[in-house]
Amino acid sequence: MKLVTAAEMQAIEESSVEAGVSLDDLMENAGLAVAEAIRDDLGTHAELFGKRIVILIGPGNNGADGFVAGRHLSNWGAKVTAVLCANRKTPDLKRDPAEQAGVTVEDGLTDSGTQLLQQRLATTDLVIDAVLGTGASRPIAEPLSSLLFTVLESAVPVVALDLPTGLNSDTGEYDVAGLPAETTLVLGYPKIGPALSGDFTVTGESSVLDIGIPDGLDSQITATLITADDATELLPERPIDGHKGTFGSTLIVGGSKDYLGAVTMATDAATRSGAGLTFVATPKSAYDRIGGLVPEAMYRPLESHANGDLSPTEAALTAIEMASRRTSIVVGPGLGSNSSATEFVSTLLSQLQPDQPVVLDADALNILAKTYRWWERFENPAVLTPHPGEMSRLLGISTEQVQLNRLAIALEAAEKFNRVVVLKGAATLIASPDGRLNVSPWVNSGLAKGGSGDVLAGLLGGLVAQQPEDLFEMASLAVFIHGYAADSARSEFGETGMRPTDVISRLGSFYRDTVQVDRQ
Ligand SMILES: NC(=O)C1=CN([C@@H]2O[C@H](COP(=O)(O)OP(=O)(O)OC[C@H]3O[C@@H](n4cnc5c(N)ncnc54)[C@H](O)[C@@H]3O)[C@@H](O)[C@H]2O)[C@@H](O)CC1
Ligand SMILES: [K+]
């Protein structure tokens, strides 16, 4: 499902006009679709008859859509009052027909506007928020903030037209003076901001209405929300007569004398990815304590000094030998980033077969961030899986800067490094150097715990092992499956109590719930 920015929506509107569907057509379609959705939600025309509806009208086209919806609702028997919450341009083309259809227009901007609205709301069944849509561009100020607060206090249910007023269509930032909705009737395409923020308390339940935009215009949209259907399509084939070799093999390079859990979780996750074989290369000091902990995987120790640190040259030779017939390699979980680990990672990456796909996670990213123009030092196709802190180090900017503009940052990093980038966080983003951008539908604070990233890296390694050509697709699939499993862990243990290991044990459930269920 495509997710639009305000600028993309504007461009689509212009292309629609060129294709023969005018802005007026779109507005008429939008207003009618909103009125029909409200009527259908109530049940039938009969139930709409006599219902008292207040429409809050803003200064732009969102307000114009509100007048069109009001016209239809009034024609169908509802008692509709349009309350002007901003000055509108004259002539106001959608106002007159609405008034002719019986809509009463009241001015909310007078000194007594708030008081009048309060009285009106005492006998109102439903409020339609047609104040601001994709054109919101500044903080909400008086008198609009008082009008919106009056509606909030009244507790009358609110249906937002396109976007709840106060919610930014591109960033998902919410102005506290805004108006949360029970339902949001989204016009044409879902907006990217709400998907990025993941805070559905402001939009309530959303549905997307068809407003007659001609087909074929969505190629202008960059971002796609990954749906369960998309993820099902991406699942690697599992031929019934397949053998271990059919499903590829991954090598996980990680662990250190101080960090033992990360590589273990990544390994465990890889064994639930569907990959045929999982190998682990871990420093001797770690191997002596965790070698064989995941019984399905094959472990080998990497040469280390007496103090437990890697012996970089010998260790890299061993890892390269282990990597030679693997279809993916994961580097990083728990590896540490001291000078031995740094030298080891540099040597390893520079000597891998250049076509072998690599997943670079955790300490590997911190090591790269310290390496001058690292992205030019090896050729391998790769997926980088930074959290915002790691991304800030990779790009040399602050974490706040990353968080303020996650979408652009993910795309910029993918292009600069010429690698697939998974920017983790609520609604994780997957960016490709060719400009594609996928957005995860999952938002779950239960994943904000040490170990979640290791699980994702191991799962991703295992998926890439099965389909090494499709890094962007496998990264998107890994993020979806990880979120799906986490959702299941959340329903059992809650966001507080769920652990990354609970997620690992549920990684198979998406495949089971979709493909396997269909086969039975
Ligand atoms: N783009 C499209 O394809 C379509 C858009 N439509 C509607 O048009 C809307 C966008 O219309 P507009 O671009 O006119 O934008 P809006 O209707 O969202 O509002 C823009 C106006 O609000 C003012 N404004 C911005 N922030 C404000 C604030 N905080 N307080 C008070 N005033 C503020 C601006 O100065 C401008 O006058 C969509 O949300 C949708 O409802 C539909 O009519 C049909 C198709
Ligand atoms: K609105």
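The chain carries the name Bifunctional NAD(P)H-hydrate repair enzyme in an unreviewed UniProt entry, which gives Candidatus Lucifugimonas marina as its organism. Taken from UniProt, the Subunit (unreviewed entry) comment for the chain reads in full: "Homotetramer."

Enquirer: Hey, could you run me through the overall build of the chain in this one?
Expert: Of regular secondary structure, the chain possesses 22 helices and 18 strands. On the principal axes, the C-alpha backbone points of the chain span a range of 85 × 50 × 45 Å. For the chain, buried positions account for 55% of its 520 residues. Of all intrachain contacts in the chain linking residues separated by at least 6 positions in sequence, the fraction that spans at least 24 positions is 70%. When the accessible area of the chain is evaluated, it comes to approximately 22000 Å², of which 50% is carbon and sulfur surface. Charged side chains in the chain number 37 positive and 66 negative. The centres of these two groups are separated by 6 Å.

Enquirer: Would you mind going over the site of ligand 1 with me for this structure?
Expert: In the vicinity of ligand 1 lie 21 residues, with Glu13, Asp65, Gly133, Arg138 and Asp162 positioned nearest. Contacts to ligand 1 include asparagine 62, whose side-chain N or O atom sits 2.8 Å from an oxygen atom. Here an oxygen atom of ligand 1 and a backbone polar atom of glycine 133 are 2.6 Å apart. Across the complex, the protein chains shield 83% of the 870 Å² of accessible surface that ligand 1 would expose by itself. For the shell around ligand 1, the secondary structure elements donating two or more residues are helix H1 (6-18), helix H2 (23-42) and helix H4 (61-75). Partitioned by chemical class, the residues of the shell around ligand 1 number ten nonpolar, seven polar and four charged.

Enquirer: I keep staring at the environment of glycine 204 and nothing clicks. Help me out?
Expert: On the secondary structure map, glycine 204 appears in the loop between helix H9 (200-203) and strand E8 (205-209). For glycine 204, a relative accessible area of 23% gives the class partly exposed. Expressed as a C-alpha distance, the spacing of glycine 204 and alanine 160, which sit 44 residues apart in the sequence, is 9.2 Å. With sequence-adjacent residues up to four places away left out, glycine 204 is seen in contact with Ala181 and Glu182.

Enquirer: Please clarify how the sheet that holds strand E5 (residues 126-130) should be interpreted in this entry.
Expert: In sheet architecture, strand pairing relies on hydrogen bonds along the backbone and comes in two forms, parallel and antiparallel. On the basis of which strands lie adjacent, the open sheet formed by seven strands has the order E4-E3-E2-E5-E6-E7-E8 and parallel pairing. The sheet is open, and its two borders are formed by strand E4 (104-107) and E8, each paired with just one other strand. Geometrically, the sheet is characterised by an average inter-axis angle of 20 degrees between neighbouring strands, direction not taken into account. Where strand E7 (residues 183-187) and E8 come together, five bridges link them in parallel fashion. Note that in E8 the partner of leucine 187 across the bridge is leucine 209. Sitting on the sheet, H4 is in contact with strand E2 (52-57), strand E3 (79-84), E4, E5, strand E6 (158-161) and E7, with an inclination near 160 degrees to E2.

Enquirer: Explanation requested: the domain arrangement of the chain in the structure shown.
Expert: Accessible area lost when the parts come together is the quantity often used to give the size of an interface. Each domain of the chain was delimited in the assignment, giving domain 1 (2-221) and domain 2 (228-519). Of note, the centres of domain 1 and domain 2, computed from C-alpha atoms alone, are 43 Å apart. Of the roughly 510 Å² buried at the junction of domain 1 and domain 2 (both faces included), carbon and sulfur atoms supply 76%. Scanning the region where domain 1 abuts domain 2 turns up zero residue pairs in polar contact (both at pLDDT 80 or more). Take the side of domain 1 that touches domain 2: its biggest share by element is three residues, from helix H8 (residues 192-197).

How each quantity is defined
Residues numbered from 1 in each chain as written. Chains lettered and ligands numbered in written order. Predicted model: local features only at pLDDT ≥ 70, side-chain atom pairs only at ≥ 80, totals over all residues. Heavy atoms only, no water. UniProt positions renumbered as here; feature names shortened; annotations may be inferred. Helix = DSSP H or I, 4+ residues; strand = E, 2+ residues; numbered from the N terminus. Buried < 20%, exposed > 50% of the residue type's maximum accessible area, 1.4 Å probe, protein only. Contact = heavy atoms within 4.5 Å. Areas by Shrake-Rupley, 256 points an atom, 1.4 Å probe, with all protein chains shown as cover. Lys, Arg positive; Asp, Glu negative; His and termini not counted. Charge placed at Lys NZ, Arg CZ, Asp CG, Glu CD. Near = heavy atom within 4 Å. Polar contact = N/O pair within 3.5 Å; in protein donor to acceptor, adjacent residues only side chain to side chain. Nonpolar A, V, L, I, M, F, W, Y, C, P; charged D, E, K, R; others polar. Pairing = 2+ DSSP bridges. Axes fitted to C-alpha atoms, helices over the stretch in contact; angles between N-to-C directions. Domains from an automatic or database assignment. Buried area = accessible area lost by both parts, 1.4 Å probe.

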